[in-house]
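# Survey of secondary and tertiary structure
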Amino acid sequence: MRPHQTGRQPASGAPAAGPTTRVLLFTGKGGVGKTTTAAAAALSAARGGIRTLVLSTDAAHSLGDAFDVDLSGGTPVQIEDGLHALQVNGRAHFDGSWTVVHAYLVQTLSALGVDPLVAEEMTSLPGADEIAALLELRAQVESRMWDLVVVDCAPTAETLRMLALPENLAWHLGRIIPGTVGLRRAARPAAAAALGIPLPDIEVLSVIRDWYAEMVAVRAILGSERASVRLVTTSEAVVIAESRRTWTSLSLYGFAVDAIYVNKILPSVVAGDHGPAADWLASWNEAQRRGLAEVATSFVGIPVVQAPYLAREPVGVDALAALGSAWIDADLTPILQPVAAAAMQVERTDSGYTLALRLPLASASDVGLQRREDDLILTVGEHRRIVTLPSVLTRCTVSGASVRGGSLTVGFVPDPAQWPR
């Protein structure tokens, strides 16, 4: 599961400290110009003296098309001084670790009477491309080669799945490890006979431990103040609605959004012009004014960047540079400056504790909450997050919850039966 090492070289100068690398993830609904926006942002940063890698996790492989270069090799390609680009090839980044686990899963299913061909199909690695992209991102952040890593993500649904994966997978792996170790230390042959399936051996458990450590490390990067998401949208009502939902879902998983890019803004109709073309443009101008107003009221407190609809497709560094120079922004924070991580906050109160999580644009009817032993299960729409509670809250009971002002607040009161007298 570890990514293969490649012959990566810094663009110039002494290597930067790995932990200080800034990560910007660009995502949005398909067709809104997400890839060109990420490429233009990376190019602008590099020309400002920031050693930059732009990395694409999108299976569409559009990043190479945007720069008009071949990125099929799976290693960083220099675009110009200070700027490299990389297209992640998911399946090429796994070593033999998955083979070890795969063999065990096939053996287990066969013991349960599943046809070997069916077992082989059932045990294909789920989320392989997303996992490979995350591991490559971690390797690049920790390589000490870049000041900035810009990630051209897949469209929003796939990106949300990818960003939620490290925490979800770590949660499940963390519960597999102690249970299987316990079985091994007990009577392994008797346990295997009772279960009717073979137990994982030391090699399988070692791989699972490594995977757990990898996912914890990736989550630490994505959830830190060095990482943030930038949403790319257009002024159409349908696209804005999806962007609103995406902001809420990203917040559920604890990711900060620090900018909104609104693409494809048409020029205003010239005063005095008449005819079908002018009427068409005037109608779009009015619709876009309404859309921009909706963006401003939806994403309060987040800078909004407007990008014009260019006369031609932005392909190549010159066109991407022109796109970047045409942006109308609202005082974006300096690109390397850390952001406030959207972490959960636990505070002491007179009656116990509160746990708070920012959930912008969400209402109480959108949010589901369930306590299961030491975990809190939060759902917003179709998205779910399992939060392992800090130890101080595991000895409490939930006293209530509310969603107000774009935040979820859960109250906890001490359980007398679990606190020492």
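In what follows, the structure referred to is the one given above.
The notes below deal with the structure included here. (Residues numbered from 1 in each chain as written. Predicted model: local features only at pLDDT ≥ 70, side-chain atom pairs only at ≥ 80, totals over all residues. Heavy atoms only, no water.)

## Thoughts on unusual backbone geometry
For Asp68, which is not a glycine, the phi torsion comes out positive at approximately 60°. By relative accessible area, which is 60% here, Asp68 ends up exposed. (Buried < 20%, exposed > 50% of the residue type's maximum accessible area, 1.4 Å probe, protein only.)

## Considering the pairing of strand β13 (residues 383-388)
With six bridges joining them, strand β12 (residues 375-380) and β13 adopt antiparallel strand pairing. Within the sheet, the bridge partner assigned to Ile377 lies in β13 and is Ile386. Between β12 and β13, which pair antiparallel one after the other, the connecting turn spans two residues, and Gly381 there sits at a positive phi close to 65°. (Pairing = 2+ DSSP bridges. Helix = DSSP H or I, 4+ residues; strand = E, 2+ residues; numbered from the N terminus.)

## Side note on the packing of aromatic side chains
Evaluation of the coordinates by the stated rule reveals four aromatic pairs. Taking 5.6 Å as the distance between ring centres and 55° as the angle between the ring planes, the aromatic pair formed by Phe26 and Tyr261 counts as tilted. On the criterion of sequence distance, the pair formed by Phe26 in strand β1 (residues 22-28) and Tyr261 in strand β7 (residues 257-265) is long-range, its members being 235 residues apart. Across this residue pair, the class does not change: Phe26 and Tyr261 are buried. Three or more aromatic residues link up through ring pairs in this structure, and these residues are Phe26, Tyr261 and Trp327. (Phe/Tyr/Trp six-rings, centres within 6.5 Å; stacked < 30°, edge-to-face > 60°.)

## Re the pattern of salt bridges
Scanning the model with the defined rule gives 14 salt bridges in all. Glu214 is the salt-bridge partner of Arg138, the closest N and O atoms lying 2.5 Å from each other. Remark: Glu214 occurs in helix α8 (residues 202-222) and Arg138 occurs in helix α5 (residues 128-141); sequence separation between them is 76 residues. Note on Glu214: relative accessible area 11%, which makes it buried. (Salt bridge = Lys/Arg side-chain N within 4 Å of Asp/Glu carboxyl O.)

## Some words on the sheet that holds strand β6 (residues 227-234)
The strand order across the open sheet formed by eight strands is β3-β4-β2-β5-β1-β6-β7-β8, and the pairing between neighbours is mixed. Taken across any chain shown, the strands that pair with only one partner, and hence form the sheet edges, are β3 (77-80) and β8 (304-308). The sheet shows a mean angle of 25° between the axes of neighbouring strands, direction not considered. Across three bridges, the pairing between β3 and strand β4 (residues 83-87) is antiparallel. By the bridge assignment, Glu80 is partnered in β4 with Leu83. Its contacts with the sheet put helix α9 (residues 237-252) on β6 and β7, and the angle it makes with β6 is roughly 165°. (Axes fitted to C-alpha atoms, helices over the stretch in contact; angles between N-to-C directions. Contact = heavy atoms within 4.5 Å.)

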